[in-house]
Amino acid sequence: MTAGCSIVTVERQLTAVVKIEAPMNELMQAHQSARAKINEALPKLDVGPLGLTCTRWRPPVDGVMPMEPGTIVAKGFAAAGDVVPSELPAGRAAHFVLKGGFEGLGGAWQKLFEWCAVEKLALAGLNWEVYGAPAADPAQQETYLYAKLA
C-alpha cells in the first residue's frame, strides 16, 4: 500500500506564485485563476529560466486551504501585482511520485500521509506538489508530492 514512499532531502527552490486561500469546493477554479495570472506575468519578469510548475499548500482551516500555485524560477524578483516571490523549502520531506492523472492526487496524498503515520514521522504542516513535464499519455503524467518533516 505504501510502496514508493520515502524520505528525501530537498534543496530550497525559488518560485513565482499567487497566494490564495480557497474554500475546498472552489480549489480548481482558484488554482486555474492563479495559473492564468502567473502565465501572464512570467514573460515580463526577469526570473531566469523557468522550471516546473508547483503548488505549495498548508492543511485547510475551517474548510479553507491556503495555497501558492506557481512556477519554479532561477532567481528572485520584485512582486508584480498578484505574482509574488516565494519558495519551496529545503530540508527533509516525505516523498511520493504519483503516476497518472491529477484526479489521483487525493488518494496519493492520503497514501503519503498514512505512510508518515505508520513510520511515526512528525509533519511540519507544509506540503507541495511539483508537476512533471506534460505527458502525451495522461497515464504517464508524474506529480511529485512532498510533505515537510518537522
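Provided above is the structure to which this section pertains.
Residues numbered from 1 in each chain as written. Predicted model: local features only at pLDDT ≥ 70, side-chain atom pairs only at ≥ 80, totals over all residues. Heavy atoms only, no water.

Break down the packing of aromatic side chains for me, citing the residues and quoting the values.
For the structure on display, the rule yields five aromatic pairs. Centroid distance W128 to Y146: 5.3 Å. Interplanar angle 15°. Geometry classified as stacked. Of this pair, W128 sits in strand 8 (residues 123–131) while Y146 sits in strand 9 (residues 142–149), placing them 18 residues apart in sequence. Residue Y146 is classed as buried on the basis of its relative accessible area of 15%. The rings of W57, W109 and F113 are connected pair by pair, giving a single aromatic cluster. (Phe/Tyr/Trp six-rings, centres within 6.5 Å; stacked < 30°, edge-to-face > 60°. Helix = DSSP H or I, 4+ residues; strand = E, 2+ residues; numbered from the N terminus. Buried < 20%, exposed > 50% of the residue type's maximum accessible area, 1.4 Å probe, protein only.)

Go over helix 1 (residues 27–41) with me, naming the residues and quoting the values.
The end-to-end C-alpha distance of helix 1, which contains 15 residues, comes to 21 Å, matching closely the 21 Å that a straight helix rising 1.5 Å per residue would cover. Here helix 1 has its buried residues at L27, A30, H31, A34, R35, I38 and A41. Within helix 1, the buried residues cover an arc of 135° as seen down the axis, which keeps them to one side. Every exposed residue of helix 1 that faces more than 90 degrees away from the buried side is listed here: M28, N39 and E40. Looking at the buried positions of helix 1, the neighbouring elements they touch are strand 2 (13–18), strand 3 (20–23), strand 4 (50–57), strand 5 (64–73), strand 6 (83–88) and strand 8. (Expected span 1.5 Å × (residues − 1). Arc of directions from axis to C-beta. Contact = heavy atoms within 4.5 Å.)

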